[in-house]
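The residues making up each chain are set out below.
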Amino acid sequence: MSHPTDSTCIFCKIVAGQIPCFKLLEDVDTIAFMDINPVNPGHALSVAKGHWPTVDVIPPDVLAAVARTAQKVAKAVISELEPNGVNLLQANGAGAGQSVPHLHVHIMPRRPNDGVALNWEYKPGDRAEIEAIYKKLKVALSS
Ligand code: 5GP
Ligand code: ZN
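Our subject in this report is the structure included herewith.

The rules behind the values
Residues numbered from 1 in each chain as written. Chains lettered and ligands numbered in written order. Predicted model: local features only at pLDDT ≥ 70, side-chain atom pairs only at ≥ 80, totals over all residues. Heavy atoms only, no water. Donors = N, O, S within 2.8 Å, 3.2 Å for Na, K, Ca; no water. Tetrahedral: all angles 85-135°; square planar, octahedral: opposite > 155°, others 65-115°. Helix = DSSP H or I, 4+ residues; strand = E, 2+ residues; numbered from the N terminus. Buried < 20%, exposed > 50% of the residue type's maximum accessible area, 1.4 Å probe, protein only. Expected span 1.5 Å × (residues − 1). Pairing = 2+ DSSP bridges.

**Regarding the coordination of the zinc ion (ligand 2)**
- The zinc ion (ligand 2) binds to the protein through C9 (SG), C12 (SG), H51 (ND1) and H102 (ND1); the donor distances cover 2.0 to 2.3 Å.
- Relative to the metal, the four donor atoms surrounding the zinc ion (ligand 2) lie at angles of 106 to 117°, and the coordination shape comes out tetrahedral.
- We note that the donor set of the zinc ion (ligand 2) lies within a single chain, spaced as C-x2-C-x38-H-x50-H. Taken as a pair, C12 in helix 1 (residues 10-15) and H51 in the loop between strand 3 (44-48) and helix 2 (60-81) lie far apart in primary sequence, 39 residues in all.
- C12 sits in the buried class, given a relative accessible area of 6%.

**Some words on helix 3 (residues 127-142)**
- Taking 1.5 Å per residue as the helical rise, helix 3 with its 16 residues ought to reach 22 Å, and the 22 Å between its terminal C-alpha atoms agrees with that figure.
- Burial analysis of helix 3 places just zero of its 16 residues in the buried class, which makes it a mostly uncovered element.

**As for the pairing of strand 3**
- With respect to burial, strand 3 is a largely interior element, five of its five residues being buried.
- Of the two faces of strand 3, the one lined by A44, S46 and A48 and the one lined by L45 and V47 are each fully buried.
- Across five bridges, the pairing between strand 2 (residues 30-34) and strand 3 is antiparallel. Bridge assignment links I31 to a residue of strand 3, and that residue is V47.
- With four bridges joining them, strand 3 and strand 5 (residues 104-110) adopt antiparallel strand pairing. When the bridges of strand 5 are listed, S46 appears paired with V105.

Okay, structure coming up:
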């Protein structure tokens, strides 16, 4: 798989070795390194080597490789840091909180009362609305 690059992208610069990082792992399609602004100690990133901004444009095999690398890092975080839990988070677009438009998965160790705001309240949805959206997506997925 050839890797598209964007010379203005911070993660492309890390992949190219132009900016240093604490590199955990590397394979043909992915790299994993420590996040520079950790939400908790041990926060790391599994990153595609190629510059694909979001989940809808990355080749599926590269997305799978990013997931495999994220799992390896998560296993090390779990065994070595013994967090209370781990969130894997992958943001797409500014509206989802993505600040670096180069696909990556966060490996986020969690600690009791760490104040990280990822949990949302369970509120029952409107059944008709759920069904209407389901039908729309089902058509898109069958075509
Ligand atoms: P996003 O907001 O796109 O989901 O996550 C981007 C992540 O990249 C943030 O958690 C941010 O701390 C991290 N980050 C941004 N610039 C750098 C950098 O130069 N080096 C490292 N290691 N992480 C970075
Ligand atoms: Zn990039």
